[in-house]
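The lines below spell out each chain.
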Amino acid sequence: MKKNNLRNTLKEYCTGCGLCKAVNGVMINVDKKGFSSPQLSDRDLRLCSLVCPASGFATRNYLDGTIWGKYKRSVLAWSNDEDIRFRASSGGIITALCLFLIREHIVDGVISTCKHPDDFRCTLTRVNHTEQELLECMGSRYTTSAPLTDILNLIKGNETYAFVGKPCDVSSLKIYIDHVNPEIGKSVKYLFSFFCAGQPSLVANNKLLTALDVGDLKDCDDFQYRGNGWPGNVVLTFKNGTTSTMEYEKAWMSILGRDVKKICRYCADGTGELADISCGDAWYLSDKGKPVFDDKPGRNIVFLRTKEGADLFDKLIDSNDVSALDCDVDKVLLKQMQPYHYTRKSSLSAYKIAQRVCGKRFPLYDNAILRQFSKGFSLKQLILRFCGTIYRILKGSL
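First, a word on what this report is: a plain description of the structure on this page. (Residues numbered from 1 in each chain as written. Predicted model: local features only at pLDDT ≥ 70, side-chain atom pairs only at ≥ 80, totals over all residues. Heavy atoms only, no water.)

**Re the overall build of the protein chain**
Okay, so step 1: Within the protein chain, the regular secondary structure consists of 19 helices and 15 strands.
Okay, so step 2: The C-alpha atoms of the protein chain give a radius of gyration of 20 Å, which matches the 21 Å a tight globule of 398 residues would have.
Okay, so step 3: C-alpha atoms of the protein chain, sized along the principal axes, occupy 55 × 50 × 45 Å.
Okay, so step 4: Here the protein chain holds 398 residues, and the buried ones make up 54% of them.
Okay, so step 5: Across the protein chain, the fraction of contacts at a sequence separation of at least 24, relative to all contacts at a separation of at least 6, is 72%. (Helix = DSSP H or I, 4+ residues; strand = E, 2+ residues; numbered from the N terminus. Rg over C-alpha atoms; globule rule 2.2 N^0.38 Å. Buried < 20%, exposed > 50% of the residue type's maximum accessible area, 1.4 Å probe, protein only. Contact = heavy atoms within 4.5 Å.)

**Some details on the sheet that holds strand β14 (residues 300–304)**
Okay, so step 1: Taken in spatial order, the 8 strands make up an open sheet running β5-β4-β6-β7-β11-β14-β3-β15, and their pairing is mixed. Each having just a single partner strand, β5 (119–128) and β15 (322–326) make up the two edges of the open sheet. On average, adjacent strands in this sheet sit at an angle of 25 degrees to one another, irrespective of strand direction.
Okay, so step 2: Two elements, strand β4 (residues 109–116) and strand β6 (residues 161–164), share 3 bridges in a ladder whose sense is parallel. (Pairing = 2+ DSSP bridges. Axes fitted to C-alpha atoms, helices over the stretch in contact; angles between N-to-C directions.)

**Overview of the nonpolar core**
Okay, so step 1: Ranked by internal contacts, the top residues of the largest apolar core, which has 86 residues, are Phe163, Leu208, Phe223, Leu236, Ile301 and Leu348.
Okay, so step 2: The leading source of residues in this core is helix α9 (residues 167–179), at 5 residues.
Okay, so step 3: Contacts of Phe163, omitting those with residues within four sequence positions, involve Ile111, Pro147, Leu148, Ile151, Asp169, Val170, Leu173, Val188, Tyr190, Leu191 and Phe192. (Core = buried A, V, L, I, M, F, W, Y, C linked by side-chain atoms within 4.5 Å.)

**So, helix α1 (residues 2–12)**
Okay, so step 1: Burial in α1 covers these residues: Leu6, Thr9 and Leu10. In an axial view of α1, the angular spread of the buried residues amounts to 95 degrees, which keeps them on one side of the axis. (Arc of directions from axis to C-beta.)

**Some points on the packing of α1 against helix α3 (residues 42–51)**
Okay, so step 1: Two numbers describe how α1 lies on α3: the axes approach to 11 Å, and their chain directions differ by 65 degrees. When the axes of α1 and α3 are compared, the pair comes out roughly perpendicular. Crossing of α1 over α3 shows left-handed handedness. On α3, the residues that touch Lys3, Leu6, Arg7 and Leu10 of α1 are Asp42, Leu45, Cys48 and Ser49.
Okay, so step 2: Residue classes in the contact of α1 with α3 are distributed as 4 nonpolar, 1 polar and 3 charged. (Parallel < 35°, antiparallel > 145°, perpendicular 65-115°, else oblique. Left-handed = near helix turned anticlockwise from the far one by under 90°. Nonpolar A, V, L, I, M, F, W, Y, C, P; charged D, E, K, R; others polar.)

So this is what it looks like as structure tokens:
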């Protein structure tokens, strides 16, 4: 029974990273939304019980129970290259890091995700060896991605790399390196991540395109989710040179964020806690303490989580590629800049109880860690989230 519960939980709450396919050749089913779920044998369970975020191994062995995770230092930072800062999703720090690594020959390549050449709604993971290739990967992709599906083939034994991925991708790869295949760690020198609120479905992307008045995908030339300003607009460019746009906040709140992968709604790590360096949007706040999405020069909140990450970032500062200000996350009011991440993590214990009361499965997170997460919330707030979850389950929207 325990084995079946694990199997069903990992299938239901699969992140879609693709590592089980890369290592064990697991068969992956993809539904009409573009979301994947694995067909797991007993052999596959041994791997996934370690590396899959839904197994709870990461919460028990890596997370410290704080909302933002462990880190050596936190800074507010942005690229000094005005073009990168303008075109990137926010401050351009991950792009600046990757360019620095290639330029200084610290790594041979950067493994990251870019727009698929055949369908801009989809993604492709590749090794970038040049600055131009890295610039082509710049910006956010609010769609599904499976960057670990071919990771063992992308890594060549005589080369070294940095890996850029969603927090769940970085978590899976980090645990795989630490507990299954340390040899990979000799090749992958750095793990970079970014704050992630979830993977929108292919259906959500199609709804966005419909809202942008797309008649036929063949008429479309390019699609940008963010950037060219901070946060920048969604911009669809047609082959005839015309464009259709939508504000980022509307696109995310009304369409994309409404239909994300199930695990994303209950993610225990949306801020890249297992990365060497992770970055998020350091939104400015209104007089009422709410994030402001008016167009401004981008800036990142950057967590330097490991000594290796902190040392690398110091070199990046010395190169004058970026500007950085040391900051205290409480003093800069990060929980107000990033209310979704703060609220979701603080609410996980209430979400879990509600799911279990309704006879539903839930990621196998450590209960003690969930209690730690909820310390910043009052009992009233937790009860409201418990009741809200029960209501959505009964309504059939969860």
